[in-house]
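Chain residues, written in single-letter form:
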Amino acid sequence: MKTREKRKKLWQGNGGFLYVLPSLLLITLFYLIPLVMTGYFSFTDYSVLKPPTWTGLENFKKMLGDPFFRPAIRNTIIYTFLTVPLQTVLSLWIAHAIASRFRGRFGRFLKSALFVPVISSMVLVGTVWKFMLATRGGIINNVLGWFGMEGLNWLGESNLALVSVCMVAVWKNVGYFLVIYYAGIMDIPVSLFEAAEVDGATGWQKLRYITIPYLKPITYLVITLGTIWSFQVFDLVYTMTGGGPGTATVTMVMSIYQSGFKQYQMGYASALSLVLFVLVVLVSGVQKRLFGREEGSAK
Amino acid sequence: MKSKKEKLVSFLIGLMLSFFAVLALFPFVYMLLTSFRQTYSMELDFSLQGLSLQNFRTIFKNFEFGKYFFNSTVVVVIACLLNAFVSSMAAYGFEKKRFRGSEALFRVYLATLIVPSQVILIPLFTIIQKLHLMNTYLVLALPVVNAFGVFLVRQFMTGIPDELIEAARIDGCREFKIYYAIILPLMKPVLVALTVFTFITTWNDFVWPLVAITDGNKSTLTLALASLQGNYATNYGLVMAGAALVFLPPFVLYIFLQKQFVEGIALSGVKG
């Protein structure tokens, strides 16, 4: 009787852990342990064939001489600076326009239509756009031709290729951030807009003085998420350009994949992964502080 | 009463937004049109002549897309069930059956959200190789359980009054039954959103299958599309048929569950 009661109490008191346990096992096995291993592998020489041997900072020194490392970093940064601002501004503007002018069926259709790219796989998006952007016979160049413009070598020219990939990324992401922004705008008290209207505020003024300040936490989220996604770009580049021409569209994750699974330098690939991780942590930290401080000073 | 100028502005903005909508949808229309044509040319052709299912027949017959479709489906089903159960159980433990250190552990969970999956790709590969999980359906589904799902469900679970659980307990309901007979049904809306999310991420996943699957027989549909594109780059109709096949299941689901899709996404953003 007593032991049974005790057991029941244990189950009720600490039983919660048993419910958490399955997820804890999976997260430990697939997130925590691998993260520690990435850290360790970074300082080793390691491939599938031979076990890791400690080499200290050798991998990081090697990065400096790696012809792919610099382009990878540079391209990833350019990619981020091209996509994030554009998709943030565009999605905010569209959300604002729909919320303030087209709340009916047309607005719903717009949101639904812009969301279709979001649910499609990056590989599919890359494949379709690659065809559409083909230099010879590609639909985009054909359309330009109708207007008497000369077609461009969208994916074949070093400077243009990365920009093309960025535009496709923006095309894919806008619908996602639009939905987030729209939900945020719906949370703004209507009375604010009504008061502004009484005062004769224009649409632009409402956007500038009510919507944007009110949505600051969401903008923080959209920028941080957008940045982290940009750092992870792989599928799109893999299908559209394969990193080329030359190293024009090689990204961080692509160089991790190449060195880890094509050249089997898994220690070196881990070191690259560690760099990526540090960058992601830094960027989210910086953006958090930036937005946190602005918010503080506004009050 | 809106002024004339205001109406004109609305019209112009509406026009611009319509253009965006066309831009968003056009590639998919193009994909579908091309997939029904025997074509090595990329010309856009809206005429209905010469449409046939030949490309689809070819990718099923000669390229075994039926098998890949099956593989993807199995993986997605495992992943969705697994994530719904594991996440809701964990959320229940964290929210309604707090234990010593549960809040600290939850913070560790949240911290893992900042780890991009690509950062741990190499060790993950090493681990599944050691566990002999390469080329299995299970391994494609397992990493889908993450802190996001737990967080999402927990957020929803705060709305359930503790009294409900207490009452069930007093009525003599067994502990585990409280979870699956009372909590789980109440979690339906958030579990639908989570499942939609799991479906999309697993169905569309590329990097992980690319690494974890070396046996062609276990390829997922996305992998198959990538290799089709790589090997038959000029048979546009054929590749577009493959792309259409990758596109349709999420799209059909989206048509039926639009609200849950958008809600799930909006929730993940605003609260995340």
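Preceding block: the structure.
Below or above, wherever it landed, is the structure these notes cover. This structure is a prediction, so every number in the text was calculated from the model and none was measured.

About the cut-offs
- Residues numbered from 1 in each chain as written.
- Chains lettered and ligands numbered in written order.
- Predicted model: local features only at pLDDT ≥ 70, side-chain atom pairs only at ≥ 80, totals over all residues.
- Heavy atoms only, no water.
- Helix = DSSP H or I, 4+ residues; strand = E, 2+ residues; numbered from the N terminus.
- Rg over C-alpha atoms; globule rule 2.2 N^0.38 Å.
- Buried < 20%, exposed > 50% of the residue type's maximum accessible area, 1.4 Å probe, protein only.
- Contact = heavy atoms within 4.5 Å.
- Areas by Shrake-Rupley, 256 points an atom, 1.4 Å probe, with all protein chains shown as cover.
- Lys, Arg positive; Asp, Glu negative; His and termini not counted.
- Charge placed at Lys NZ, Arg CZ, Asp CG, Glu CD.
- Patch = residues over 30% accessible without salt bridge, like charges linked within 9 Å, V, L, I, M, F, W, Y side chains within 5 Å.
- Salt bridge = Lys/Arg side-chain N within 4 Å of Asp/Glu carboxyl O.
- 1 Å grid on protein atoms, 1.4 Å probe; cavity = no way out; pocket = protein on both sides within 12 Å on 5 of 7 lines; lining within 4 Å.
- Points joined across faces, edges and corners; volume = space filled by probe spheres on them.
- Nonpolar A, V, L, I, M, F, W, Y, C, P; charged D, E, K, R; others polar.
- Polar contact = N/O pair within 3.5 Å; in protein donor to acceptor, adjacent residues only side chain to side chain.
- Axes fitted to C-alpha atoms, helices over the stretch in contact; angles between N-to-C directions.
- Parallel < 35°, antiparallel > 145°, perpendicular 65-115°, else oblique.
- Left-handed = near helix turned anticlockwise from the far one by under 90°.

## Topic: the overall build of chain B
Next up, step 1: Within chain B, the regular secondary structure consists of 14 helices and zero strands.
Next up, step 2: For chain B, the α and β elements follow one another from N to C terminus as α-α-α-α-α-α-α-α-α-α-α-α-α-α.
Next up, step 3: Computed over its C-alpha atoms, the radius of gyration of chain B comes to 23 Å, more than 25% above the 19 Å expected for a compact globule of 272 residues.
Next up, step 4: Along the first, second and third principal axes, the C-alpha set of chain B runs to 70 × 70 × 35 Å.
Next up, step 5: When each of the 272 residues of chain B is scored for burial, the buried share is 53%.
Next up, step 6: Put simply, 73% of the contacts in chain B that link residues at least 6 apart link residues at least 24 apart.

## Some points on the overall build of chain A
Next up, step 1: Counting its regular elements, chain A contains 14 helices and two strands.
Next up, step 2: Here the C-alpha radius of gyration of chain A, 25 Å, is well above what a compact globule of 299 residues would show, namely 19 Å.
Next up, step 3: For the C-alpha atoms alone, the extent of chain A along its principal axes is close to 70 × 65 × 40 Å.
Next up, step 4: Counting only residues that meet the buried cut, chain A has 52% of its 299 residues in that class.
Next up, step 5: Put simply, 67% of the contacts in chain A that link residues at least 6 apart link residues at least 24 apart.
Next up, step 6: Of the roughly 14600 Å² that chain A leaves accessible, carbon and sulfur atoms contribute 65%.
Next up, step 7: Seen as two clouds, the 27 positive and the 13 negative side-chain charges of chain A have centres 9 Å apart.

## Focus on a nonpolar patch on the surface
All names here are of chain A.
Next up, step 1: A cluster of nonpolar side chains, namely Ile78, Leu82, Leu86, Val163 and Met167, defines an oily patch on the protein surface of about 340 Å² accessible area.
Next up, step 2: Broken down by element, the residue count for the nonpolar patch peaks at three residues, all from helix α4 (residues 69–101).
Next up, step 3: Checked against the element boundaries, Val163 lands in helix α8 (residues 158–186).

## Regarding the pattern of salt bridges
All names here are of chain B.
Next up, step 1: Under the counting rule described, the total for this entry stands at eleven salt bridges over all chains.
Next up, step 2: Between Asp162 and Lys96 there is a salt bridge, and its shortest N-O distance comes to 2.9 Å. Of this pair, Asp162 sits in helix α8 (residues 162–170) while Lys96 sits in helix α3 (residues 65–96), placing them 66 residues apart in sequence.
Next up, step 3: Overall, the relative accessible area of 44% leaves Asp162 in the partly exposed class.
Next up, step 4: According to the relative accessible area criterion, Lys96 is buried, its value standing at 15%.
Next up, step 5: The salt bridge involving Glu175 is made with Arg169; its shortest N-O contact spans 2.5 Å.
Next up, step 6: Residues joined by salt bridges that share partners form a network here, namely Glu95, Arg98, Glu103 and Arg154.

## Quick notes on empty space enclosed by the protein
Residue and element names in this part refer to chain B.
Next up, step 1: The full count for this structure, using the stated rule, is one cavity of 30 Å³ or more.
Next up, step 2: Considering the residues around the largest cavity, the lining is formed by Ser72, Val75, Val76, Leu140, Thr202, Trp203, Asp205, Trp208, Pro209, Thr220 and Thr222.
Next up, step 3: Counting only elements with at least two residues in the lining of the largest cavity, the list comes to α3, α10 (188–204) and α11 (207–212).
Next up, step 4: Looking at which element gives the most residues to the lining of the largest cavity, the answer is α3, with three residues.
Next up, step 5: When its residues are assigned to classes, the lining of the largest cavity shows six nonpolar, four polar and one charged.

## Considering the interface of chain A and chain B
Next up, step 1: With 85 residues of chain A at the contact, the number on the chain B side is 89 residues.
Next up, step 2: At the junction of chain A with chain B, the criterion picks out one salt bridge.
Next up, step 3: At the surface where chain A touches chain B, the tally comes to 15 residue pairs in polar contact (both at pLDDT 80 or more).

## Some details on unusual backbone geometry
Next up, step 1: In the segment running from Gly244 of chain A into Pro245 of chain A, the intervening peptide bond is cis, with an omega of -5°.
Next up, step 2: Considering the arrangement of structural elements, one finds Pro245 of chain A in the loop between α12 (235–240) and α13 (252–262).
Next up, step 3: The phi torsion at His132 of chain B lies on the positive side, around 55°, for a residue other than glycine.
Next up, step 4: The residue His132 of chain B is located in the loop between α5 (121–130) and α6 (137–141) in this model.
Next up, step 5: A relative accessible area of 70% places His132 of chain B in the exposed class.

## Some details on the environment of Gly237 of chain B
Next up, step 1: Relative to the helices and strands, Gly237 of chain B resides in helix α13 (residues 236–256).
Next up, step 2: Here Gly237 of chain B is in contact with Thr34, Ser35, Arg37, Thr39 and Asn55 of chain B, once residues within four sequence places are set aside.

## Here we look at the environment of Leu228 of chain B
Residues and elements named next belong to chain B.
Next up, step 1: Within the fold, Leu228 resides in helix α12 (residues 221–231).
Next up, step 2: Distance in space between the C-alpha atoms of Leu228 and Phe63 is 8.6 Å, their sequence separation being 165 residues.
Next up, step 3: Sequence-distant contacts of Leu228, defined by excluding residues within four places in its chain, comprise Ile59, Phe63, Phe65, Ala233, Leu238, Val239 and Gly242.

## Describing the packing of α3 of chain B against helix α7 (residues 147–157) of chain B
All names here are of chain B.
Next up, step 1: Remark: α3 packs on α7, axes separated minimally by 8 Å, with the N-to-C direction vectors making an angle of 50°. Viewed along their axes, α3 and α7 adopt a mutual orientation that is oblique. For the pair α3 and α7, the sense of crossing is right-handed. Contacts from Ser87, Ser88, Ala90, Ala91, Tyr92, Phe94, Glu95 and Lys96 of α3 reach α7 at Gly149, Val150, Val153, Arg154 and Met157.
Next up, step 2: Of the residues that constitute the contact of α3 with α7, the class distribution is seven nonpolar, three polar and three charged.

## Quick notes on α5 of chain B
Next up, step 1: For α5 of chain B, the buried fraction is high: eight of the ten residues fall into the buried class.
Next up, step 2: Phi turns positive, to about 55°, at His132 of chain B, one or two residues after α5 of chain B.

## A look at α13 of chain A
All names here are of chain A.
Next up, step 1: Burial runs high along α13: nine of the eleven residues are buried.
Next up, step 2: Buried within α13 we find Met252, Val253, Met254, Ser255, Ile256, Tyr257, Ser259, Gly260 and Phe261.
Next up, step 3: Downstream of α13 by one or two residues, Tyr264 has phi in the positive range, about 55°.

## Considerations on the side chain of Thr239 of chain A
Next up, step 1: Locating Thr239 of chain A in the fold gives a position in helix α12.
Next up, step 2: For Thr239 of chain A, a relative accessible area of 4% gives the class buried.
Next up, step 3: A polar contact is formed between the side chain of Thr239 of chain A and the backbone oxygen of Leu236 of chain A, at a distance of 3.2 Å.
Next up, step 4: Those residues in contact with Thr239 of chain A that sit more than four places away from it in its chain are Met122, Val123, Gly126, Thr127 and Lys130 of chain A together with Gln229 of chain B.

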